[in-house]
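# Survey of secondary and tertiary structure
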Amino acid sequence: MFEKPIGMRDTLPPLYETKNQIRERIKGELKLWGYQSIETPTLEYYDTVGVASAILDPQLFKLLDQLGNTLVLRPDMTAPIARLAASSLKDVSFPLRLTYDANVFRAQHNEGGRPAEFEQLGIELIGDETSSADGEVIALMIAALKQAGLSHFKIAIGHVGYVNALLLDTVGNEQRADTLRRFLYEKNYVGYRQHVKSLSLSSIDKSRLLELLNLRGDFSKLEDAKKLLTNAEGNKALQDLEKLWDVLENYGITDFVKLDLNLIMHMSYYTGAVFEAYSDNLGTPIGSGGRYDELLKKFNRPAPATGFGIRLDLLVEALGNTAEKQTVTCIIHTNERRKDAIELAKEKRSEGIAVILQDLSGIKDVDQFSQNYDDIIYCIGKNGKGDI
Ligand SMILES: N[C@@H](Cc1c[nH]c[nH+]1)C(=O)O
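Calculation rules
- Residues numbered from 1 in each chain as written.
- Predicted model: local features only at pLDDT ≥ 70, side-chain atom pairs only at ≥ 80, totals over all residues.
- Heavy atoms only, no water.
- UniProt positions renumbered as here; feature names shortened; annotations may be inferred.
- Helix = DSSP H or I, 4+ residues; strand = E, 2+ residues; numbered from the N terminus.
- 1 Å grid on protein atoms, 1.4 Å probe; cavity = no way out; pocket = protein on both sides within 12 Å on 5 of 7 lines; lining within 4 Å.
- Contact = heavy atoms within 4.5 Å.
- Points joined across faces, edges and corners; volume = space filled by probe spheres on them.
- Nonpolar A, V, L, I, M, F, W, Y, C, P; charged D, E, K, R; others polar.
- Core = buried A, V, L, I, M, F, W, Y, C linked by side-chain atoms within 4.5 Å.
- Buried < 20%, exposed > 50% of the residue type's maximum accessible area, 1.4 Å probe, protein only.
- Pairing = 2+ DSSP bridges.
- Axes fitted to C-alpha atoms, helices over the stretch in contact; angles between N-to-C directions.
- Salt bridge = Lys/Arg side-chain N within 4 Å of Asp/Glu carboxyl O.
- Expected span 1.5 Å × (residues − 1).
- Near = heavy atom within 4 Å.
- Polar contact = N/O pair within 3.5 Å; in protein donor to acceptor, adjacent residues only side chain to side chain.
- Areas by Shrake-Rupley, 256 points an atom, 1.4 Å probe, with all protein chains shown as cover.
- Sits in = over half its atoms within 2 Å of the grid points.
- Patch = residues over 30% accessible without salt bridge, like charges linked within 9 Å, V, L, I, M, F, W, Y side chains within 5 Å.
- Lys, Arg positive; Asp, Glu negative; His and termini not counted.
- Charge placed at Lys NZ, Arg CZ, Asp CG, Glu CD.

An unreviewed UniProt entry annotates the protein as ATP phosphoribosyltransferase regulatory subunit of Anaerobacillus alkalidiazotrophicus. What UniProt states about the protein under its Subunit (unreviewed entry) heading is, verbatim, "Heteromultimer composed of HisG and HisZ subunits."

What follows is the structure, encoded as structure tokens:
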């Protein structure tokens, strides 16, 4: 057996074809909304993009270059694009609408079935702080998923500002808030409840923390959220969500969204409304995103921004194997008729038909070989073109 490193995957032809078809559909949609494609390098400096990516350090693949600088395999595309917006694109005025299709890398520490390299298709809308921008990004994610063929899915929308303010307001310090955030991040609500009960807090504070778990469902829950937290950060977050709701209504997509004020993201650069897309048949989110208004400051071009990334591997899983099979014609020929076969193949390919040319003496079992093709043409007679 030739083992692969943990989390690394090969893609075989049928899956490759499915991925390719879905990828093209999504890219087509992102283009129709005016987003421009870009590419960035796979390797970035740890100190700048690696740190800005705001993913847990053990999830980064690190290596050294010849000069001793620490490099990382990019764990996402948002930080590299922030770097780009602040350097090569520094003279291009905002808002910027960029899209990418790239492999990203997140180290796995055991072979638990999770890939360490996967493809993301995403967008970044940089330099626009409006709720229209937040709404556009969510609307585009929905349009892209629909275009890919997905129909049964929901977008859970939360707000980093609300959950952080509520936790801090109740438990008093970041460290204790972090422990609670960890439970929410893992969606371990049983653990969260047990932990809350074990804290030395008043029963009012404990019930506030438990009440947070109920802030999931339709957007009318925003009213309960208002009662639970009345400080300035909380109000600001809820106002953001109310404005966002109006935009989503304008797009006519409220059937696809629900509120989840427990949402904690895997990247710590988020600052506002955040969201995750769930297909009905998969437990893991197939895409996620949100507002990150502080990230560009790290690259000396402060700007508000929002965006999303869709995981192609998970989307393909959610869709099942849907590739339309490409039909291939096979021309089997002898030495004497090779020239005719090449001519015929050329003619068919120019009509858009995929053709395989196969020398008869290169196959052991003609019957078995033929089974793989929809259409077989034998060029093995003495004269003339086409079938014998
Ligand atoms: N980069 C994020 C997705 C995202 C794009 N823009 C904002 N968020 C991720 O990998 O999950």
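And the narrative resumes.
Under the feature "domain: Aminoacyl-transfer RNA synthetases class-II family profile" (unreviewed entry), the UniProt entry names residues 22-319. Between the end C-alpha atoms of residues 22-319 the distance is 9 Å, and the span holds 41% helix and 21% strand.

Right, let's get into the UniProt feature "binding site: L-histidine" (unreviewed entry) in the protein. Cross-referencing UniProt, the feature "binding site: L-histidine" (unreviewed entry) maps to Asp76, Met77, Thr78, Arg106, Gln120, Glu124, Tyr269 and Tyr270 in the present numbering. The subset of the named residues that lines the largest cavity consists of Asp76, Thr78, Arg106, Gln120, Glu124, Tyr269 and Tyr270. Among the structural elements, Arg106 can be located in the loop between strand 5 (96-105) and strand 6 (117-126). Setting aside residues up to four positions removed in sequence, Arg106 forms contacts with Ile55, Gln59, Phe61, Pro75, Asp76, Pro115, Ala116, Phe118, Gln120, His266 and Met267.

Remark: the empty space left among the atoms is shown by a probe the size of a water molecule rolled over them. Overall, the coordinates contain one cavity of 30 Å³ or more when judged by the stated rule. What the largest cavity holds in volume is close to 130 Å³. Among the elements of the structure, strand 6, strand 11 (287-291) and strand 12 (305-311) are those that each provide at least two residues to the lining of the largest cavity. Split by residue class, the lining of the largest cavity holds six nonpolar, eight polar and three charged.

Counting 69 residues, the largest nonpolar core has Ile155, Ile157, Tyr162, Tyr192 and Leu315 as its most contacted members. With residues up to four places along the chain from it excluded, the contact list for Tyr192 reads Leu167, Leu180, Phe183, Leu184, Leu209, Leu212 and Leu213. Core analysis: the second largest hydrophobic core is formed by 36 residues, Tyr46, Ala52, Ala54 and Ala303 among them.

A word on the sheet that holds strand 1 (residues 36-37). Across the sheet, nine strands lie side by side as 1-5-6-12-11-10-7-9-8; this open sheet has mixed pairing. Only two strands of the sheet have a single neighbouring strand rather than two, namely strand 1 and strand 8 (216-217). In this structure, strand 6 lies alongside strand 12, joined through seven bridges in antiparallel fashion. Its bridge partner lying in strand 12, Gln120 is registered against Arg311. Along the sheet, helix 10 (residues 232-251) contacts strand 7 (153-159), strand 9 (257-260) and strand 10 (273-279); its crossing angle with strand 7, the most-contacted strand, is approximately 150°. Against the sheet, helix 11 (residues 312-319) engages strand 6, strand 10 and strand 12, with an angle of about 55° to strand 12.

Our next topic: the pattern of salt bridges. Evaluated as defined, the whole model comprises 22 salt bridges. Of the charged contacts, one joins Asp293 and Arg291 as a salt bridge, the two residues approaching to 2.8 Å between their closest N and O atoms. Using a relative accessible area of 26% as the deciding quantity, one classes Asp293 as partly exposed. For Arg337, the salt bridge identified is with Asp340, shortest N-O distance 2.7 Å. By relative accessible area, Asp340 is classed as partly exposed at 23%. Here the salt bridges do not stand alone but share partners, grouping Arg23, Lys27, Asp101 and Glu119 into one network.

We now examine helix 10. With 20 residues, helix 10 ought to run about 28 Å at 1.5 Å a step, and its terminal C-alpha atoms sit 29 Å apart, in line with that. For helix 10, the complete set of buried residues consists of Gly234, Ala237, Leu238, Asp240, Leu241, Leu244, Val247 and Leu248. Against helix 4 (131-147), strand 7, helix 5 (160-171), helix 9 (222-228), strand 9 and strand 10 lie the buried residues of helix 10. Downstream of helix 10 by a residue or two, Gly252 has a phi angle that is positive, lying close to 70°.

Glancing now at the environment of Gly112. Looking at the element boundaries, Gly112 is found in the loop between strand 5 and strand 6. Separated by 43 residues in sequence, Gly112 and Ile155 have C-alpha atoms that sit 26 Å apart.

On to the site of the ligand. Every one of the 17 residues lining the ligand counts as a neighbour, but Asp76, Thr78, Gln120, Glu124 and Tyr270 are closest to it. Contact between the ligand and Arg106: an oxygen atom at 2.9 Å from a side-chain N or O atom of the residue. Between a nitrogen atom of the ligand and a side-chain N or O atom of Tyr269, the distance comes to 3.0 Å. For the ligand, whose accessible area on its own is 300 Å², the fraction buried by protein is 99%. At a threshold of 2 Å from the grid points, most atoms of the ligand map onto the largest cavity. Contributing elements (two or more residues each) for the shell around the ligand: strand 6, strand 11 and strand 12.

Where like charges cluster on the molecular surface, the positive patch consists of Lys154, Arg193, Lys197, Arg216 and Lys258. As for its position among the elements, Lys258 is in strand 9.

A few words on the layout of surface pockets. Size it by volume and the largest pocket reaches roughly 1500 Å³. In terms of lining, the largest pocket is formed by 47 residues, of which the most central are Arg106, Gln108, Arg114, Phe118 and Arg311. Among the residues making up the lining of the largest pocket, the classes are represented as 16 nonpolar, 15 polar and 16 charged. Here the second largest pocket defines a volume of roughly 310 Å³. Taken together, Pro13, Pro14, Glu17, Ala323, Glu324, Lys325, Gln326, Val328, Asn372, Tyr373 and Asp374 make up the full set of residues lining the second largest pocket.

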